[in-house]
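What follows is the residue order along each chain.
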Amino acid sequence: AAAEKGNYPHFMLKEIFEQPETIENAIRGRINYEMGTAILNGLGFSPCELAQISRIVIAACGSSMHAGMVAEYYFEDIAGISTSVEQAAEFRYRNPIIEPNTLVIPISQSGETADTIAAVREAVGKGAYISALCNVVGSTIAREAGRGVYLHAGPEISVASTKAFSSQVAVLLLMALLLGRNRRLSRSEGCELVREIEQTPELIRSVLAQAEEIRAIAKRYAGFDDFFYIGRGCLYPTALEGALKLKEISYVHAEGYHAAELKHGPISLLDERHPVLALANDIPGRDKILGNIQECRARRAPVVAVATAGDREVENLTDDVIFIPHCSRFIAPLPTTVALQLFAYYIAVERGCEIDQPRNLAKSVTVE
Ligand code: G6P
């Protein structure tokens, strides 16, 4: 196994660093430049069927559910299709409403998560259109769904998901592009989105190039036992995913919150012992986040921000900043997640945690 890790001390770090390539693999051959759209044959629908989809329901667990929550913004904003994300564990017990023309998208890296399998069976039983997003080829969910799109991220060994998550987000963005072009998105808007998607590997490389700086920041925060992660828009589920990474591998309590919800409760906890990770990228909502950061600072909470390169305002307002090159709101979750993965990883290293095989966790949860 050591050999497979190459020069990396852990699979997790190796997989974090693979992301420029795994994203390239996720999008390779799936773009029609001429038409500014995506080619996803596995999805299994004719253009006519695609045009009929009136609602999307995503069912998934853990990081895969967070990817689905990012995609909720994509499907609604880009394609104009009403979308909801269900915890796979709840899906079949709540007698879900599956109307004709509802597309159910189960998302699962392993394709073997028991709750997500149960959701697939429920959806199949209700006669839904179904198209799965899996990484493991031939897995139970991929087979039972019958159609879907593979991530091509390669085996993910680390229990905490990294490259599978980013590939899920990338492929979901392609799906939204395809559905959008099938509806309200113009060709030039489609071409613009294609250009943005293609910049993602480069954006991720620029975050990876800052690994040492992120490590230095992580060192300063490794002694804290409670963190809040806040974001808005697509960066809200990104905050949830960042907090989950920290919990999973460093055993540090971390909560992801919508930045605006902070003042409806959790802010009562804030003091100098509760650092806040604020996702303050230059996307719609940034000004509001600046206000939220000030609220945190007023309670003496240390603030680490992720911000767009050159944002002096955020820099002046916070204790530490991780800068990300400018990118659109749809792309921002990807490089931001990579920064949060590295932050969690280096905190776990500082705390002497096991990382690839955290206690009590399994790569694939095959019981309900
Ligand atoms: C486990 C893993 C997580 C993963 C989740 C869903 O909890 O530890 O990393 O996100 O299962 O797994 P799936 O294979 O369905 O994406």
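Model, not experiment: these values are computed from the prediction.

## Focus on the overall build of the chain
Each helix and strand counted, the chain has 14 helices and 13 strands in total. Summarising its shape, the C-alpha atoms of the chain cover approximately 55 × 45 × 40 Å along the three principal directions. Classification of the 368 residues of the chain by burial places 55% in the buried group. Within the chain, residue pairs in contact and separated by at least 24 positions form 76% of the contacts whose partners lie at least 6 positions apart.

## Description of the pairing of strand β11 (residues 276-279)
With burial as the criterion, each face of β11 is covered, one bearing Val276 and Ala278 and the other bearing Leu277 and Leu279. Pairing geometry for strand β9 (residues 226-231) and β11, over three bridges, is parallel. What sits directly across from Phe228, in β11, is Val276. Bridge analysis of β11 against strand β12 (residues 303-308) gives four bridges, and the strand direction is parallel. Across the sheet, Leu277 pairs through a bridge with Val304, a residue of β12. For the handedness criterion, the β-α-β arrangement of β11, helix α12 (residues 286-298) and β12 is classed as right-handed.

## Side note on the packing of helix α9 (residues 187-208) against helix α14 (residues 333-350)
At their nearest, the axes of α9 and α14 sit 9 Å apart, and the two run at 25° to each other. Relative to α14, the element α9 is oriented roughly parallel. In this structure, α9 crosses over α14, and the sense of that crossing is right-handed. Where α9 abuts α14, its residues Thr200, Leu203, Ile204, Val207 and Leu208 lie against Leu334, Pro335, Val338 and Ala339. Grouping the constituent residues of the contact of α9 with α14 by class yields eight nonpolar, one polar and no charged.

## So, the packing of helix α8 (residues 163-181) against α14
It is the contact of α8 with α14, at a shortest axis distance of 10 Å, that shows an interaxial angle of 175°. What the angle tells us is that α8 and α14 run roughly antiparallel. Facing Phe165, Ser166, Val169 and Ala170 of α8, the residues of α14 in contact are Pro333, Leu334 and Thr337. Looking at the contact of α8 with α14 residue by residue, the classes come out as five nonpolar, two polar and no charged.

## Describing the site of the ligand
Around the ligand lies a shell of 16 residues, among which Gly62, Ser63, Ser108, Ser110 and Thr113 are the nearest. Considering every element that reaches the shell around the ligand, the biggest residue donor is helix α4 (residues 62-79), with three residues. Its residues assigned to classes, the shell around the ligand comprises five nonpolar, 10 polar and one charged.

## Description of the sheet that holds β9
Within the open sheet, the five strands sit side by side as β10-β9-β11-β12-β13. Their pairing is parallel. The outermost strands of the open sheet, each flanked by one partner alone, are β10 (253-258) and β13 (320-324). If you compare each strand with its neighbour and ignore which way they point, the axes differ by 15° on average. Where β12 lies against β13, five bridges are found, and the strand directions are parallel.

## Side note on helix α6 (residues 114-125)
Its 12 residues give α6 an end-to-end C-alpha distance of 16 Å, which sits within 8% of 16 Å, the value for a rise of 1.5 Å per residue. Backbone geometry just downstream of α6 places Gly127 in the positive-phi region, at approximately 75°.

## A look at the confidence of the model for the chain
Of all residues in the chain, 99% have pLDDT values of 70 or greater, and the mean over the chain is 95. Predicted complex, confidence summary: ipTM 0.97, pTM 0.97.

## As for the environment of Asn95
Inspection of the secondary structure puts Asn95 in the loop between α5 (88-91) and β5 (102-108). The exposure class assigned to Asn95 is exposed, which follows from the 9 C-beta atoms found within 10 Å. Considered as a pair, Asn95 and Val338 are 243 residues apart in the sequence and their alpha carbons are 36 Å apart.

## Quick look at unusual backbone geometry
In this model, His152 sits at a positive phi of 55°, which is unusual for a non-glycine residue. Relative to the assigned elements, His152 resides in the loop between β8 (148-150) and α8. Of note in the backbone geometry, Asn360 takes a positive phi value of approximately 65° without being a glycine. Mapped onto the secondary structure, Asn360 falls in the segment after α14. On the neighbour-count criterion, Asn360 (6 C-beta atoms within 10 Å) is exposed.

Parameters and conventions
- Residues numbered from 1 in each chain as written.
- Predicted model: local features only at pLDDT ≥ 70, side-chain atom pairs only at ≥ 80, totals over all residues.
- Helix = DSSP H or I, 4+ residues; strand = E, 2+ residues; numbered from the N terminus.
- Buried ≥ 20, exposed ≤ 12 C-beta atoms within 10 Å, placed from the backbone.
- Contact = placed C-beta atoms within 7 Å.
- Pairing = 2+ DSSP bridges.
- Right-handed = clockwise from strand over helix to strand, strands pointing away.
- Axes fitted to C-alpha atoms, helices over the stretch in contact; angles between N-to-C directions.
- Parallel < 35°, antiparallel > 145°, perpendicular 65-115°, else oblique.
- Left-handed = near helix turned anticlockwise from the far one by under 90°.
- Nonpolar A, V, L, I, M, F, W, Y, C, P; charged D, E, K, R; others polar.
- Near = placed C-beta within 6 Å.
- Expected span 1.5 Å × (residues − 1).
- pLDDT = per-residue confidence, 0-100.

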